[in-house]
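Inside the fold
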Amino acid sequence: MQTRSCSLPLFLLAVLPFAATPSHSQTPTPTPPAWTDFTYTDWNDGVEPAIAATLPHRHYDSRMIWDGAQFISIHEYFVHPTPTPRSLWMACSSDGRVWGTPTPLDIPRSWHIGHHALAHDPNGFPSSDTMDGDTDIKFKLWFAQYMTNSFFRYAESADGVTWKAPASLDGVHCPPYYKQSDVNPGECGTTRIMIKPDVLYRPGGSPTLDTDNPMDNRYIMYLGSSHLNTCTGNPGYFEMYISHNGLEWVLYAWDQECQTRWETYAPTPVPTPEIHEILTFQGSVLSSTIQHMDTFEEVFENGERKGFMLWTENDSKKILSFYSPDGVNWLCREEPINAIGQTSENASAWNYERNYGLDAVRLGESYFFLRSGRSAAELYTLGAAVRKGNMSAEVETPPSPSGGDIPLAYRLYHWEAENCPEVEFAYSTNGVDYLSASMGSGGDGRYDLDAGIGGEPHTFVWDSATDLPGGANGVLFRAQPLPEEGDGSYGTTGPFDVDQTLTPTPTPPATPTPTPPVSPTPTATVTPVPAPTATPAPPPGYIHPSLAPGRVPPGGTAGLSWRCEFTPWNYEGQPVDVYLAAIRDPKVAGAASSVEEALAGGEVWIFEKGMKTSYRYAGTVKAPCWRDVVFPPAPLLGTLDLAVPADPSFHGNWVFATTFVRKGPPGGFVRDDGRPVENSNIATVAP
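Keep in mind it's a predicted model, so treat the numbers as computed, not measured.

So, how was this worked out
Residues numbered from 1 in each chain as written. Predicted model: local features only at pLDDT ≥ 70, side-chain atom pairs only at ≥ 80, totals over all residues. Heavy atoms only, no water. Helix = DSSP H or I, 4+ residues; strand = E, 2+ residues; numbered from the N terminus. Buried < 20%, exposed > 50% of the residue type's maximum accessible area, 1.4 Å probe, protein only. Contact = heavy atoms within 4.5 Å. Areas by Shrake-Rupley, 256 points an atom, 1.4 Å probe, with all protein chains shown as cover. Pairing = 2+ DSSP bridges. Salt bridge = Lys/Arg side-chain N within 4 Å of Asp/Glu carboxyl O. Core = buried A, V, L, I, M, F, W, Y, C linked by side-chain atoms within 4.5 Å. Lys, Arg positive; Asp, Glu negative; His and termini not counted. Polar contact = N/O pair within 3.5 Å; in protein donor to acceptor, adjacent residues only side chain to side chain. Phe/Tyr/Trp six-rings, centres within 6.5 Å; stacked < 30°, edge-to-face > 60°. pLDDT = per-residue confidence, 0-100.

Side note on the overall build of the protein
Of regular secondary structure, the protein possesses four helices and 45 strands. Each of the 687 residues in the protein was classed as buried or not, and the buried ones make up 54%. Partitioning the intrachain contacts of the protein with sequence separation of at least 6 by distance along the chain shows that 64% fall at a separation of at least 24. Put simply, the protein shows about 28,200 Å² of open surface, and 53% of that area lies on carbon and sulfur atoms.

Quick look at the pairing of strand S21 (residues 366-374)
Taken across its nine residues, S21 has nine buried, putting it largely inside the fold. Burial of the side chains of S21 extends over both faces: Ser-366, Phe-368, Leu-370, Ser-372 and Arg-374 are buried on one face and Tyr-367, Phe-369, Arg-371 and Gly-373 on the other. Here eight bridges tie strand S20 (residues 354-363) to S21, and the two strands are oriented antiparallel to one another. Along S21, the bridge assignment pairs Asn-355 with Gly-373.

A word on unusual backbone geometry
Of the consecutive residues Leu-55 and Pro-56, the connecting peptide bond is found in the cis state with omega at 5 degrees. Within the secondary structure layout, Pro-56 lies in the loop between strand S2 (40-42) and strand S3 (57-66). Of note, the bond from Ser-400 into Pro-401 is cis; its omega dihedral lies within 30 degrees of zero at 0 degrees. The residue Pro-401 is located in the loop between strand S23 (391-395) and strand S24 (405-413) in this model. In this structure, Asp-61 is a non-glycine residue whose phi angle is positive, near 50 degrees.

So, the pairing of strand S18 (residues 318-324)
Taking burial as the measure, the seven residues of S18 include six buried ones, the bulk of the element. In the sheet, strand S17 (residues 304-314) pairs with S18 via seven bridges, with the strands oriented antiparallel. Paired with Asn-314 across the two strands is Lys-318, which belongs to S18. Between S17 and S18, which pair antiparallel in sequence order, lie three residues; one of them, Asp-315, sits at a positive phi of approximately 55 degrees. Relative to strand S19 (residues 329-334), S18 runs antiparallel, the two sharing three bridges. Considered in S19, the bridge of Tyr-323 is made with Leu-331.

Section: the pattern of salt bridges
A full pass over the atoms with the stated rule returns 26 salt bridges. A salt bridge links Asp-198 to Arg-63; the shortest N-O distance between them is 3.7 Å. Residue Asp-198 is found in strand S11 (residues 194-201), and its partner Arg-63 is found in strand S3; the two are separated by 135 residues along the sequence. A single burial state applies to Asp-198 and to Arg-63, both of which are buried.

Digging into the nonpolar core
Tyr-571, Phe-631, Phe-656 and Phe-660 are the most contacted members of the largest nonpolar core, which totals 32 residues. The set of elements that each furnish at least two residues to this core consists of strand S35 (557-563), strand S36 (575-584), strand S38 (603-608), strand S40 (626-630), strand S41 (637-643), strand S42 (652-662) and strand S45 (683-685). Counting residues per element, this core draws most heavily on S36, which supplies four residues. Among the nonpolar cores identified, the runner-up in size contains 23 residues, and Ala-393, Phe-425, Leu-468 and Phe-496 belong to it.

Topic: the side chain of Asp-67
Looking at the secondary structure, you find Asp-67 in the loop between S3 and strand S4 (71-79). The buried charged residue Asp-67 lacks any salt bridge partner; its closest oppositely charged side chain belongs to Lys-138, at an N-O distance of 8.0 Å. Within polar-contact distance, the side chain of Asp-67 engages the backbone nitrogen of Ala-69 at 2.8 Å. Polar side-chain contacts of Asp-67 include one of 2.8 Å to the backbone nitrogen of Gln-70.

Re the sheet that holds strand S28 (residues 456-463)
In spatial order, the strands read S28-S24-S23-S30; together these four strands make up an open sheet with mixed pairing. One side of each edge strand has no neighbouring strand; the edge strands of this open sheet are S28 and strand S30 (488-489). Both S24 and S28 contribute to a ladder of eight bridges, which runs antiparallel. What sits directly across from Arg-411, in S28, is Pro-457.

A look at the sheet that holds S4
With antiparallel pairing, four strands are arranged side by side in an open sheet as S3-S4-S5-S6. The open sheet terminates on both sides in strands that have one partner only, identified here as S3 and strand S6 (103-104). Bridge count between S4 and strand S5 (residues 87-93): seven bridges; the pairing is antiparallel. Counted as the bridge partner of Phe-71 is Ser-93 from S5.

A word on the packing of aromatic side chains
Aromatic rings in a pair are described by how distant their centres are and how their planes are angled relative to each other. The final tally for this structure, using the stated rule, is 34 aromatic pairs. Note on Tyr-60 and Tyr-380: the rings are 5.5 Å apart at their centroids and 55 degrees apart in plane angle, and the pair reads as tilted. Residue Tyr-60 is found in strand S3, and its partner Tyr-380 is found in strand S22 (residues 380-387); the two are separated by 320 residues along the sequence. Considered together, Tyr-60 and Tyr-380 belong to a single accessibility category, that of buried residues. Here Phe-238 and Phe-281 contribute two aromatic rings whose centre-to-centre distance is 4.9 Å and whose plane-to-plane angle is 40 degrees, an arrangement assigned as tilted. Pair noted here: Phe-238 is in strand S13 (residues 237-243) and Phe-281 is in strand S15 (residues 277-282), with a separation of 43 residues, a long-range link. The exposure class of Phe-238 is buried, given its relative accessible area of 0%. Grouping aromatic residues by their ring pairs yields a cluster made of Phe-125, Trp-142, Tyr-154, Tyr-201, Tyr-219 and Trp-249.

What about the environment of Arg-584?
In this fold, Arg-584 is placed in strand S36. In this structure Arg-584 comes out as buried when scored by relative accessible area, which is 6%. Put simply, Arg-584 and Gly-602 are 18 residues apart on the chain and 5.7 Å apart in space, counted from C-alpha to C-alpha. Within the local environment of Arg-584, its side chain forms a polar contact with the backbone oxygen of His-651, the two atoms lying 2.5 Å apart.

Topic: the confidence of the model for the protein
On average, residues of the protein score 83 in pLDDT, and 83% of them are at 70 or above. Ignoring residues within four places in sequence, the model shows residues 1-30, a span with pLDDT below 50, making 63 contacts including any to other chains.

Side note on the side chain of Arg-662
Checked against the element boundaries, Arg-662 lands in strand S42. Of the buried charged residues, Arg-662 lacks a salt bridge, with Asp-672 as the closest side chain of opposite charge at 6.4 Å. In this structure the side chain of Arg-662 is engaged in a polar contact, spanning 2.5 Å, whose partner is the side chain of Gln-574.

So, the environment of Pro-545
The topology assignment puts Pro-545 in the loop between strand S32 (496-498) and strand S33 (546-548). By relative accessible area, Pro-545 is classed as buried at 16%. Taking the C-alpha atoms as reference points, Pro-545 and Asn-679, separated by 134 residues in sequence, lie 6.7 Å from one another. When neighbours within four sequence positions are excluded, Pro-545 is seen to be in contact with Leu-560, Ser-561, Phe-656, Glu-678, Asn-679, Ser-680 and Asn-681.

Structure representation (structure tokens):
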């Protein structure tokens, strides 16, 4: 067999441009924007759920919040088949993996509790948002009677345990029941059948009702209504309500199914609602008339809201995701969503028979999920999962004006606990150009800072007198974590004024100890939470690709560094075929992956003929980029200079991925642990 040294093809590769990926004449098929690419990890992919139950007890349909120190799940509880009323119970967890024992809540009611929505403010809702003008209310709850699915009830609480409700429960402080009608008593005698609500609470939202920009309101509710107006809870259509205080609600939009049904009733139910928009759903093989509402959330990237994600379900067995830039027009992203969107194939798994009722909590750029499941033995439980977003920062805006040493409070978020080696701090006086910020006395410094799922609190003291001795108006301040692997997303303050004539700001202590919000105290003793088991580090890779810089302008250059590693997979002196690909919106970055994960990226271009040509992957890998490559038994590394296309169609997040296949016996991938593909970090092509 003819072989050749590795040095020749790698030398040639160094002078070939990145433009050897798709040519300008090849227009990529439109793909969902990068911010819609959610990589899910199932924390309960086996038999054991997060919140377990024993027959005949059922725990399901969770709504969650993060109170600053722990997750709190308020979910439905029922004993089957005895006539125990359905009720709401609470469970708590500091990390989303290990949960305390669920305990019952005393929610004012005279019937079974069914579907519900939950909002939380750790600092207490404004007095204008509470029934009696109280300032200690931290929890709001909207809930419906189960099975009959009529209009909602409302309650609020200071601690999540003790609740109070209006004297008249029906429909007070809830979405208007416009559909009230006795047109057809054979179908429950009402058309106000509303189910599966979810509320997005935005503390910084508009203090007055905003119908021009509905997603900027303080409260936004999505809910479903039953199909064919039956009382069985079947899906049918979607509605969207908005509110500035969570007490007064306006119907803003509904979908065409709801509109058509309204128009065909005779006589038409009254009052006639004012509809600003018609909700649309596109790209799914399933009509919105056969989907349930699950949950929806904002999506942020580098501190900027990019749009919204909506999750729905179908027949309790498949969870779908939609995305929207405006919260009204929805495009299907995945059906089912990867990793956690289907029932388990394991017959003994907690979600073997059902997988539904997804709920989400956004923390930085990551999300924590709980979803309901049922085993073959009809055991109802709750399983956990996460969206692994970038390590990110959120920075509080300091008082305006400020001067001298200015303490900037910020949080570092990551989907699991991790050390951040360094955080970069910068300021801007024009919103475009950012300069490195000088560090003052005190605070936590720049290095070795903790990040965690709930956002670890830190303080950076900015020596503004050194950087802006004359002061400035409309200053912005930015913090960007630099994790060991992957990218970090920055957070930016709102504008504030810097005035050096002010009395110097007191310097905080070197290690501030924040006071966490008061956590709800369940009525029963909570099971102690053991320390989570450390996840073993994966073996090192056999070729280490790395892209720099992390952000490249169109028409610029990037460097692809590489380094051979011969342990534990030794391929020195052996001929291998080398496959190389450029992947936009990858499923995995900065780590090894399976071939399936690599090819599941949003857009995959595979190189051939030594990077002289490339083709877009459409189900078949044609040939390696280089054949019969032999790596000498010596350390080998280098950097390849790549030209980035100027065509705007190539904007986005890219990785380079490679895999080596042995040519001689025994053959197969060089890395044989199921993760043969080595993926570089992400480089973003953007102006």
